[in-house]
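Notes for the structure review
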Amino acid sequence: MEIWINPACSKCRSALTLLDAEGADYTVRRYLEDVPSEDEIRDVLNRLGLEPWDITRTQEAAAKELGLKGWARDDTSRDRWITALAEHPKLIQRPIITADDGTAVMARTDEAVRDALSR
């Protein structure tokens with residue numbers, strides 16, 4: 001499994017602590033440094049079963065500068081959102097765990113991390 005993290009994020013650190021406590025085998029991706037491509041973001045969205053606006057941190061300064069709150073949330077706008085996430089990775093909600101079974105979870109709670117571990 002792989003976990004996308006920002007080391008400055010307390011929820012990311014909590015998820016890593018739990019993964020370590022459970023003896024999980026995982027790879028860390030510091031997504032602000034190793035920025036995911038648009039295709040990788042599409043893949044993770046498909047695995048999560050979510051849309052790009054569902055994983056966007058709309059309170060970030062970049063989101064306000066882009067005016068994301070006013071963007072349409074429909075199929076025709078999906079690529080625009082994905083491009084914004086790739087160009088401004090700080091907008092991506094974290095942590096995200098891609099599980100070994102091909103799914104993914106937003107690992108913002110201990111329960112979600114345990115869910116990923118059970119897959």
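Per chain, residues are indexed from 1 in the order of the written sequence. Local features in this predicted model are restricted to residues of pLDDT 70 or higher, and side-chain atom pairs are both shown and tallied only at a pLDDT of 80 or more, whereas totals for entire chains, interfaces and linings draw on every residue. Hydrogen atoms and water are omitted, and side-chain values are computed over all heavy atoms in the structure.

Looking at the packing of helix H2 (residues 38-48) against helix H4 (residues 78-87)
Just so we agree on the cut-off: Every axis in this analysis is a line fitted to C-alpha atoms, fitted for helices over the stretch in contact. Angles between the N-to-C directions lie between 0 and 180 degrees. Each helix corresponds to a stretch of at least 4 residues labelled H or I by DSSP, and each strand to a stretch of at least 2 residues labelled E; elements are numbered beginning at the N terminus. Crossings are classed by handedness, with left-handed meaning an anticlockwise turn of the near helix from the far one by less than a right angle and right-handed meaning a clockwise turn. Any two residues whose heavy atoms approach within 4.5 Å are treated as being in contact. Each residue is assigned to one class: nonpolar for Ala, Val, Leu, Ile, Met, Phe, Trp, Tyr, Cys and Pro, charged for Asp, Glu, Lys and Arg, and polar for all the others, Gly among them.
Put simply, H2 and H4 touch, their axes get as near as 9 Å, and they point 115° apart. At the point where H2 passes H4, the crossing takes the right-handed sense. For the pair H2 and H4, the contacting residues are Glu38, Ile41, Arg42, Leu45 and Asn46 in the first and Arg78, Asp79, Ile82, Thr83, Leu85 and Ala86 in the second. Residue classes in the contact of H2 with H4 are distributed as 5 nonpolar, 2 polar and 4 charged.

Regarding H4
Threshold: Three labels apply to residues, based on accessible area from a 1.4 Å probe with only protein chains included: buried if under 20% of the type maximum, exposed if over 50%, partly exposed otherwise in between.
Buried within H4 are the following residues: Arg78, Trp81, Ile82, Ala84, Leu85 and Ala86. As for H4, its buried residues are in contact with H2 and helix H3 (61-66).

Focus: the sheet that holds strand S1 (residues 2-5)
The criterion, for reference: Strands pair, by our definition, only if DSSP identifies at least two bridges between them.
A sheet is described by the order of its strands in space; here 4 strands give the open sequence S2-S1-S3-S4, paired in mixed fashion. Unpaired on one side and paired on the other, strand S2 (27-30) and strand S4 (104-106) mark the two borders of the sheet. Mean inter-strand twist for the sheet, computed between neighbouring axes without regard to direction, equals 20°. Strands in contact with helix H1 (residues 10-21) are S1, S2 and strand S3 (96-98); relative to S1, the strand with the most contacts, it is inclined by about 155°. Across the sheet, H2 is in contact with S1, S2, S3 and S4; its angle to S4 comes to roughly 85°.

Description of H2
The condition is simple: Working definition: the arc comes from the directions between the helix axis and the C-beta atoms, pointing outward to the latter.
Among the residues of H2, Ile41, Val44, Leu45 and Leu48 are the ones counted as buried. Buried positions in H2, seen along its axis, are confined to an arc of 100° and lie on one side of it. Opposite its buried face, H2 presents the exposed residues Asp39 and Asn46, each directed more than 90 degrees away. Lining the buried residues of H2 we find S1, H4, S3 and S4. After H2 finishes, the residue Gly49 shows a positive phi value of roughly 75°.

Things to note about the pattern of salt bridges
Let me state the cut-off plainly: Take a side-chain nitrogen of Lys or Arg and a carboxyl oxygen of Asp or Glu: if they are within 4 Å of each other, that pair is a salt bridge.
Overall, the coordinates contain 9 salt bridges when judged by the stated rule. Glu51 is the salt-bridge partner of Arg78, the closest N and O atoms lying 2.6 Å from each other. You can see Arg78 sitting in helix H4 and its partner Glu51 sitting in the loop between H2 and H3, a full 27 residues away along the chain. On the basis of relative accessible area, Arg78 is assigned to the buried category, the value being 16%. When salt bridges that share partners are traced, they join Glu38, Asp39, Arg42 and Asp79 into one network.

Brief notes about the pairing of S1
Selection rule: Whether a crossover is right-handed depends on one test, that the path from the first strand over the helix to the second runs clockwise when the strands point away from the viewer.
Where S1 meets S2, 4 bridges bridge the pair, whose relative direction is parallel. Counted as the bridge partner of Trp4 is Arg29 from S2. Tracing the backbone out of S1, into H1 and back to the parallel element S2 gives a crossover that is right-handed.

Honestly, it's all geometry; don't read function into it.
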